[in-house]
Amino acid sequence: MRRLPLVLATVLLCGGLAAAGGLTGPPHQAPTAPAHPAAPPPGGALAAAIGADQQHLRARPDDAAAWARLGGEYVEQARLTADASYYPKADEALHRSLALAPTGNTDALTGLGALANARHLFAEAADQARRALDTAPLHWQAWAVLTDARTQLGDDAGATDAAQHLLDLHPGAASFTRAAYDLEQHGRPEDAAAALHRALADAYDPADKAFCLHQIAELDRNSGRTADALDGYRRALAADPAFTPALAGQARAEAALGRTDDALAHYAQAAAKVPLPQYLLELGELHESLGHREQAAEQYRLLRAEADLAAANGVVDDLTLGQFEADHDDPATAVRLLRAEWARRHHPLVADALAWALHRTGADREALGYTDLALAHGWRDALFHYHRGEIERALGRTADARTDLSQALATDPQFNPLQAPQARSALAALTP
């Protein structure tokens, strides 16, 4: 039985932020707040905390709790810097903690779950979270890990249930964020925004404020309210100038508003600080839309290099590369990658990406079925509708194609610098 109304009611009744906010991942990926055992400090303080724990463990190598804490700090450092080389370090520290304290070590199990989520090993993350909850059923950090894992696995009812448990146990930034994402995926962006505004009203830490403002701006951007989104990203940066996701968001909004020089500069700054594939892809596509072929190719080269580096450090992410290859030279490879991703998880993003890759290889009838799965829960996503509209157009379903292409442009007229213009051209061609 679904409990979404209760989710929202709980959010609106809750007050106070208890933890620093998180960071958005690849396009449309769930925003996540830290869910490690002992919430490490943000920013430069995190590096200091890592150094202090390393020093402590040189003197006390038998301290299982400190190893678990250090493992969580490594996961957080990887999340903040997009440096996947911290993952093997986290893995070693967390397993060392378990070796020292193999029974009832909830923090180490939760840390391993958070690490598995970061590596996109979502089934493993869910298993680790359940092991942690077997020993400590009220451990909210483990519920956060389980919520993220179930969300990414496409376990719709299970994710909502876990988010509800998290809200009941710990009404803070971690639970607000996940509840908002759950609501957005179910076509309720207004309720998602209400949840985030409630969190913002109680925020006092700059990082908390920046995170909430950024998430609200993301909702505005995804709904086509680009000017509002730009203002939100700027407010987030004013609250915390080091919050890189807001800098990339500002660039995204500027590009949509035609302020391309500003967008290029801010994208470049964001990618230099945190070289996430998402930023590199968006910067490359903006260059490509402007006819800057060499600059676009350079960003795509960097994207592949970052993906290779992540894979070398245990990350299993066929979605990001599959999305990229579908639109940039190699749709057959995209289909292979995305079928593998679909075998591991049935998230709407994977369904949409696989549908688009199949379309790019001419397999439109099979593709159409995956678009149904992507839109099954009501997510209002311009890209989903654009992809479905193009697939319908290829199949000769003119009226349906017109409806979906119109919906894409109504949701967000500038959803992508390359594909939004194509959507307008396709719709014009279908208009009598």
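Residues numbered from 1 in each chain as written. Predicted model: local features only at pLDDT ≥ 70, side-chain atom pairs only at ≥ 80, totals over all residues. Heavy atoms only, no water.

- Going by what an unreviewed UniProt entry lists, the chain is known as Tfp pilus assembly protein PilF and is assigned to Kitasatospora cineracea.

### Some words on the overall build of the chain
Okay, step 1: Within the chain, the secondary structure is distributed over 23 helices and 0 strands.
Okay, step 2: Residues classed as buried in the chain amount to 57% of the 432 residues present.
Okay, step 3: Contacts in the chain between residues far apart in sequence, at least 24 positions, make up 59% of those at least 6 positions apart.
Okay, step 4: About 17000 Å² of surface is accessible on the chain, with carbon and sulfur atoms providing 53% of the total. (Helix = DSSP H or I, 4+ residues; strand = E, 2+ residues; numbered from the N terminus. Buried < 20%, exposed > 50% of the residue type's maximum accessible area, 1.4 Å probe, protein only. Contact = heavy atoms within 4.5 Å. Areas by Shrake-Rupley, 256 points an atom, 1.4 Å probe, with all protein chains shown as cover.)

### Concerning the side chain of T151
Okay, step 1: Assignment of secondary structure puts T151 in helix α7 (residues 140-153).
Okay, step 2: In this view, T151 contacts A159, Y181, Q185 and H347; residues no more than four positions away in its chain are not counted.

### Looking at helix α22 (residues 398-411)
Okay, step 1: Look at α22: 20 Å from first C-alpha to last across 14 residues, which is about the 20 Å you get at 1.5 Å a residue.
Okay, step 2: For α22, the complete set of buried residues consists of A401, D404, L405, A408, L409 and T411. The buried residues of α22 occupy an angular sector of 165 degrees when the element is viewed end-on, so they sit on one face. Turned more than 90 degrees away from the buried face of α22 sit A399, T403 and A410, all of them exposed.
Okay, step 3: Contacts from the buried residues of α22 go to α11 (206-222), α21 (382-394) and α23 (419-430). (Expected span 1.5 Å × (residues − 1). Arc of directions from axis to C-beta.)

### Here's the deal with the nonpolar core
Okay, step 1: Among the nonpolar cores identified, the biggest contains 40 residues, and L70, Y74, Y87, L115, W143 and L146 are the most heavily contacted of them.
Okay, step 2: The residues touching L70, leaving out its near neighbours within four places in the chain, are I50, D53, Q54 and L57.
Okay, step 3: Ranked by size, the runner-up nonpolar core spans 36 residues in total, among them L354, A355, A367 and Y386. (Core = buried A, V, L, I, M, F, W, Y, C linked by side-chain atoms within 4.5 Å.)

### Side note on the pattern of salt bridges
Okay, step 1: Using the criterion set out here, one finds 24 salt bridges in the structure.
Okay, step 2: Taking the shortest distance from any N to any O, the salt bridge between E325 and R304 comes out at 3.3 Å. Pair noted here: E325 is in helix α17 (residues 318-327) and R304 is in helix α16 (residues 293-312), with a separation of 21 residues, a long-range link.
Okay, step 3: Assessed through its relative accessible area of 9%, E325 is described here as buried.
Okay, step 4: Its relative accessible area of 33% is what places R304 among the partly exposed residues.
Okay, step 5: A salt bridge links R345 to E341; its shortest N-O distance comes to 2.6 Å. Of the two residues examined, R345 and E341, each falls in the buried class.
Okay, step 6: Through salt bridges with shared partners, a single network forms among D318, E341, R344 and R345. (Salt bridge = Lys/Arg side-chain N within 4 Å of Asp/Glu carboxyl O.)

### Description of the confidence of the model for the chain
Okay, step 1: Averaged over the chain, the pLDDT score is 89; the fraction of residues at 70 or greater is 90%.
Okay, step 2: Confidence drops under pLDDT 50 across residues 1-41; counting only partners more than four residues distant or on other chains, this segment forms 128 contacts. (pLDDT = per-residue confidence, 0-100.)

### Let's talk about the environment of E298
Okay, step 1: Residue position: E298 is located in helix α16.
Okay, step 2: A residue is classified by how much of its surface remains accessible, and E298, at 34% relative accessible area, is partly exposed.
Okay, step 3: It is 9.2 Å that separates the C-alpha atoms of E298 and L280, two residues lying 18 residues apart in sequence.

### Some thoughts on the packing of helix α4 (residues 86-100) against helix α5 (residues 106-118)
Okay, step 1: For the pair α4 and α5, the least separation of the axes is 9 Å and the interaxial angle reads 160 degrees. One way to sum up the angle between α4 and α5 is to call them roughly antiparallel. For the element pair α4 and α5, the recorded crossing hand is left-handed. Only A108, L109, G111, L112, L115 and A118 of α5 make contact with α4, whose side of the interface consists of Y87, A90, D91, L94, H95, S97 and L98. (Axes fitted to C-alpha atoms, helices over the stretch in contact; angles between N-to-C directions. Parallel < 35°, antiparallel > 145°, perpendicular 65-115°, else oblique. Left-handed = near helix turned anticlockwise from the far one by under 90°.)

### Some details on the environment of H287
Okay, step 1: Relative to the helices and strands, H287 resides in helix α15 (residues 277-289).
Okay, step 2: Exposure remark for H287: the relative accessible area of 11% places this residue in the buried category.
Okay, step 3: Note: C-alpha distance between H287 and Q299 (12 residues apart in sequence) is 9.0 Å.

### Looking at helix α9 (residues 173-185)
Okay, step 1: With 13 residues, α9 extends 18 Å between its outermost C-alpha atoms, agreeing within 8% with the 18 Å of an ideal straight helix rising 1.5 Å per residue.
Okay, step 2: Trailing α9 by a residue or two, G187 shows a phi angle of about 75 degrees, which is positive.

### Observations concerning unusual backbone geometry
Keep in mind that most residues, glycine aside, have a negative phi and that most peptide bonds are trans.
Okay, step 1: Positioned with a positive phi, A82 is a non-glycine residue whose angle comes to about 60 degrees.
Okay, step 2: Among the structural elements, A82 can be located in the loop between α3 (64-81) and α4.
Okay, step 3: Although it is not a glycine, H120 sits at a positive phi angle of roughly 65 degrees.
Okay, step 4: Note on H120: relative accessible area 10%, which makes it buried.

### Comments concerning the packing of α21 against α22
Okay, step 1: Two elements in contact, α21 and α22, have axes separated by 7 Å at closest approach and are oriented at 160 degrees. Taken together, the axes of α21 and α22 are roughly antiparallel relative to one another. Crossing of α21 over α22 shows left-handed handedness. Across the interface between the two elements, A382, H385, Y386, R388, G389, E390, E392 and R393 of α21 pack against D400, A401, D404, L405, Q407, A408 and T411 of α22.

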